[in-house]
Amino acid sequence: MTASAHPELACQPHDHSHCVSHALEQAEQLCLQQGVRLTTLRKRVLELVWQSHRPLGAYDILGVLSEVDGRRAAPPTVYRALDFLLEHGLVHRIASLNAFVGCSHPGHVHQGQFLICRQCHAAIELQQPAISQAIVSSAAALGFAVEGQTVEVLGRCRACQESPCPTA
Ligand SMILES: [Zn+2]
Ligand SMILES: [Zn+2]
Ligand SMILES: [Zn+2]
């Protein structure tokens, strides 16, 4: 098990540089296996999405690219990079926040299930096939064919419940 595979770490103090380097390494390997190119921009966008466990919006990504990197990336370029990362299962889109978060266990097909802390905005990825199965079978009972499902559960993480003053 690697550090990034422990979902509870997302909202606890930890050496996040391990999460980032592990995610980038996994991405390199997966792209190599799939014969696709992790271009400099795609990799940089992935790194930015991974800068914390809080989902990041496309415009925040654009902002860092232009302000920090001094790179004049046009919005469509960044959206294409995000589409690539989504398509290859390296990030998930959190619809309720209109933002993206790195996948903590890429490399196999799965549906996104997230616990989202409304105080610190950390998104903790769950990996619970029973939830997906329950959705698929309930939908099938109604004759509905499920094509995708992202489960977003709102609440407060353990760290935020313990801290009296919000630090968000
Ligand atoms: Zn981390
Ligand atoms: Zn995932
Ligand atoms: Zn929290």
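Residues numbered from 1 in each chain as written. Chains lettered and ligands numbered in written order. Predicted model: local features only at pLDDT ≥ 70, side-chain atom pairs only at ≥ 80, totals over all residues.

The protein chain is annotated in an unreviewed UniProt entry as Transcriptional repressor of Pseudomonas fluvialis. Per its UniProt entry, the protein chain bears the Sequence similarities (unreviewed entry) comment "Belongs to the Fur family." (UniProt positions renumbered as here; feature names shortened; annotations may be inferred.)

Peer 1: What is the right way to look at the sheet that holds strand E5 (residues 150–155) in this model?
Peer 2: Sheets are built from strands paired through backbone hydrogen bonds, the pairs being either parallel or antiparallel. If you trace the three strands from one edge of the open sheet to the other, you get E4-E3-E5, paired in mixed fashion. This sheet does not close on itself; its edge strands, each paired only once, are strand E4 (123–126) and E5. Mean inter-strand twist for the sheet, computed between neighbouring axes without regard to direction, equals 25°. When strand E3 (residues 112–117) meets E4, the two strands line up antiparallel, connected through four bridges. Bridging across to E4, Ile116 finds its partner in Ala123. (Pairing = 2+ DSSP bridges. Helix = DSSP H or I, 4+ residues; strand = E, 2+ residues; numbered from the N terminus. Axes fitted to C-alpha atoms, helices over the stretch in contact; angles between N-to-C directions.)

Peer 1: Even after reading the chapter, I still don't get the UniProt feature "binding site: Zn(2+)" (unreviewed entry) in the protein chain, so can you show me in this structure?
Peer 2: The residues that UniProt annotates with the feature "binding site: Zn(2+)" (unreviewed entry) are Cys117, Cys120, Cys157 and Cys160. Across 44 residues of sequence, these annotated residues stay compact in space, with a maximum C-alpha separation of 8.1 Å. Taking the C-beta count within 10 Å as the criterion, Cys117 has 23 such neighbours and is therefore assigned buried. Relative to the assigned elements, Cys160 resides in helix H6 (residues 158–162). With 18 C-beta atoms counted inside 10 Å, the residue Cys160 sits in the partly exposed group. Dropping the residues within four chain positions of it, Cys160 is found in contact with Cys117, Gln119 and Cys120. (Buried ≥ 20, exposed ≤ 12 C-beta atoms within 10 Å, placed from the backbone. Contact = placed C-beta atoms within 7 Å.)

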